[in-house]
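Remarks on the overall topology
Here is what each chain is made of, one letter per residue.
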Amino acid sequence: ADCRYTCHQECRSLVQLDCRRPSPGRLSPESTLLPPRSQNVTQTVEEEKPKPPTIQEIKQKIEKYNAKVTNCLLMKLNEDGTYTGFIKVHLKLRRPVTVPAGIRPQSIYDALKEVNLADMTDKRTSFYLPLDAIKQLHISSTTTVSEVIQGLLKKFMVVDNPQKFALFKEMRKDGQVLLQKLPLTEYPLYLRLLAGPDTDVLSFVLKENETGEVEWDAFSIPELQNFLMILDKEEKDKIQQVQRKYEKFKQRLQQTLKEARGKPG
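Here the structure is a predicted model, which is why all the values come from computation and not from measurement. (Residues numbered from 1 in each chain as written. Predicted model: local features only at pLDDT ≥ 70, side-chain atom pairs only at ≥ 80, totals over all residues. Heavy atoms only, no water.)

Some details on the overall build of the chain
This is how the line gets drawn: What counts as a helix is a DSSP run of H or I of at least four residues, what counts as a strand is a run of E of at least two, and both are numbered from the N terminus. Burial classification: accessible surface area is computed with a 1.4 Å probe over protein chains only, and a residue below 20% of its type maximum counts as buried, one above 50% as exposed, and the rest as partly exposed. Contacts between residues were defined by any pair of non-hydrogen atoms, one from each residue, lying within 4.5 Å. Accessibility throughout is a Shrake-Rupley quantity obtained with a 1.4 Å probe, and a residue counts as covered only by protein chains that appear here.
Helices and strands together make up the secondary structure of the chain, namely 6 helices and 8 strands. When the helices and strands of the chain are read in sequence order from the N terminus, they spell out α-α-β-β-β-α-β-β-α-β-β-α-β-α. Here the chain holds 265 residues, and the buried ones make up 26% of them. Across the chain, the fraction of contacts at a sequence separation of at least 24, relative to all contacts at a separation of at least 6, is 67%. For the chain, the accessible area works out to roughly 19,400 Å², and carbon and sulfur atoms hold 52% of it.

A look at the environment of Gln56
Mapped onto the elements, Gln56 comes out in helix α2 (residues 55-68). Here Gln56 falls in the partly exposed class, since its relative accessible area comes to 48%. In this structure the C-alpha to C-alpha distance between Gln56 and Gly81, which are 25 residues apart in sequence, comes to 8.8 Å.

Digging into the pattern of salt bridges
Which entries qualify depends on this criterion: Within this document, salt bridges are pairs made up of a side-chain nitrogen of Lys or Arg and a carboxyl oxygen of Asp or Glu, the two lying within 4 Å of each other.
Overall, the coordinates contain 5 salt bridges when judged by the stated rule. With a shortest N-O distance of 3.3 Å, Arg172 and Glu170 are connected by a salt bridge. Judged by relative accessible area, which is 48%, Arg172 ranks as partly exposed. Exposure remark for Glu170: the relative accessible area of 7% places this residue in the buried category. Here the salt bridges do not stand alone but share partners, grouping Lys92, Glu170 and Arg172 into one network.

Side note on the packing of aromatic side chains
Where we set the bar: Working definition: a ring pair exists when centres of Phe, Tyr or Trp rings (six-membered ring for Trp) sit within 6.5 Å. Plane angles under 30 degrees give stacked, over 60 give edge-to-face, the rest tilted. In this analysis the charged atom, NZ for Lys or CZ for Arg, is taken to sit over a ring once it is within 6 Å of the ring centre and within 35 degrees of the ring normal.
For the structure shown, the criterion picks out 0 aromatic pairs. The ring of Phe168 is capped by Lys207, whose NZ or CZ atom sits 5.6 Å from the centre of that ring.

Details of a nonpolar patch on the surface
Counted only if it meets this: Here a patch means residues that are over 30% exposed by relative accessible area and free of salt bridges, tied together within 9 Å if like-charged and within 5 Å if nonpolar (Val, Leu, Ile, Met, Phe, Trp, Tyr).
There is a patch of nonpolar side chains on the surface, built from Val242, Tyr246, Phe249 and Leu253 and spanning about 390 Å² of accessible area. With respect to the secondary-structure elements, Phe249 resides in helix α6 (residues 221-261). Overall, the relative accessible area of 42% leaves Phe249 in the partly exposed class.

Things to note about the pairing of strand β2 (residues 83-91)
Threshold: Two strands form a pair only when DSSP identifies at least two bridges running between them.
Counting buried positions over the 9 residues of β2 gives 7, a clear majority of the element. Note: strand β1 (residues 76-77) against β2, 2 bridges, orientation antiparallel. Looking at β2, one finds that Lys76 is bridged to Thr84. A loop of 5 residues connects β1 with β2, the two strands running antiparallel in sequence, and Gly81 in this loop sits at a positive phi of about 95 degrees. Taken together, the 8 bridges between β2 and strand β5 (residues 133-140) define a ladder with antiparallel strand orientation. Pairing of Phe86 across the sheet is with His138, part of β5.

Observations concerning the side chain of Asn161
This is how the line gets drawn: What qualifies as a polar contact is a pair of N or O atoms within 3.5 Å, subject to a donor-acceptor requirement within protein and to the restriction that residues adjacent in sequence count only when both atoms come from side chains.
Among the structural elements, Asn161 can be located in the loop between α4 (145-155) and β6 (165-173). Looking at Asn161, its side chain comes within polar contact range of the main-chain nitrogen of Gln163, at 3.0 Å.

Some thoughts on the packing of α2 against helix α5 (residues 188-195)
For the record, the criterion: Every angle, taken between N-to-C directions, lies between 0 and 180 degrees, and every axis is a line fitted to C-alpha atoms, over only the stretch in contact when it is a helix. For any helix crossing, the convention is left-handed if the near helix is rotated counterclockwise from the far helix by under a right angle, and right-handed if that rotation is clockwise. All amino acids are sorted into three groups, where Ala, Val, Leu, Ile, Met, Phe, Trp, Tyr, Cys and Pro are nonpolar, Asp, Glu, Lys and Arg are charged, and the leftover types, Gly among them, are polar.
The N-to-C vectors of α2 and α5 enclose an angle of 65 degrees; their axes lie 9 Å apart at closest approach. Regarding α2 and α5, the two cross each other, and that crossing is left-handed. Mapping the contact onto sequence places Ile58, Lys61, Ile62 and Tyr65 in α2 and Tyr190, Arg192, Leu193 and Leu194 in α5. Taken together, the residues that form the contact of α2 with α5 break down as 6 nonpolar, no polar and 2 charged.

Shown next as C-alpha cells:
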C-alpha cells in the first residue's frame, strides 16, 4: 500500500524493505506486506510434500512391480536401499544429430572399458537416427534424467550438446496421449516403479528440447552454425510444401473454370 511492494506469502519472512521512515498517515514498511490469508498456509504446503519412501516401502513396491513383469527385466533392491532396473526410451528425433565420421559401431568391449570412440576423430557428419527407435537402459534409482540423456547420446555416439535434448514421459489416458517434460533432476526408474512395467501406462521419449528453453551461450560457434543450416533447410522444405499445396489448388480451380465455360448459364 505504501511502496507497492508485492511478494509471495512464503517469501514474506525473507524480505527486507529499505523504505523511508513513514510520515504521519503513511504505512510502515512492515505493513506494506500483504498479510497471509491463513496462518497455516505455509505449513499446509510443507505437509503436502511427499515424504521419501522407506526401504520397506520400496521393497514392497519392487515386489509388486516384479510380480507384474512378463519378461526377465526385474528390479533388484540393494542393501543400501537403492535399486536397479530397466527402462525403455523411444527416440523421436525429427532433426539430424552429429556423429563422428568413419567410426565403427561401439562393441561390447568398448562399452565395458568405457571407450569413447567419438574422441578418436575430429571429423563430424550429420545423421538421422531411425524414427521411433527404442533403446533399453539398465539404470539405478539414483540415475537422473540428465544422466539418462547423456548415456543415450554416448550409446549412439552423438556428440551434440545434451542441452539440445529433453526426456519426456508419455502417458495414455482416456484415449489421449499426454507428454510431459521431465526436469533434469528427476529419477526415471522411480517413475517406472510407481507406474509399473506396462509401457502403455508410462513410457519415456527422447525429443529435441524446446528452442526457447535452450541456453544458446553454452554452444560453440560450429554448433550454432550447424543449427542455422538445419533451420534454413527446414524453412526451404516448408516453403516448397506450401508452394506445392497451392499450385495443386490453383490447377484444380483452373480446371473447374475451364469446365464451367462450356456449360450454359
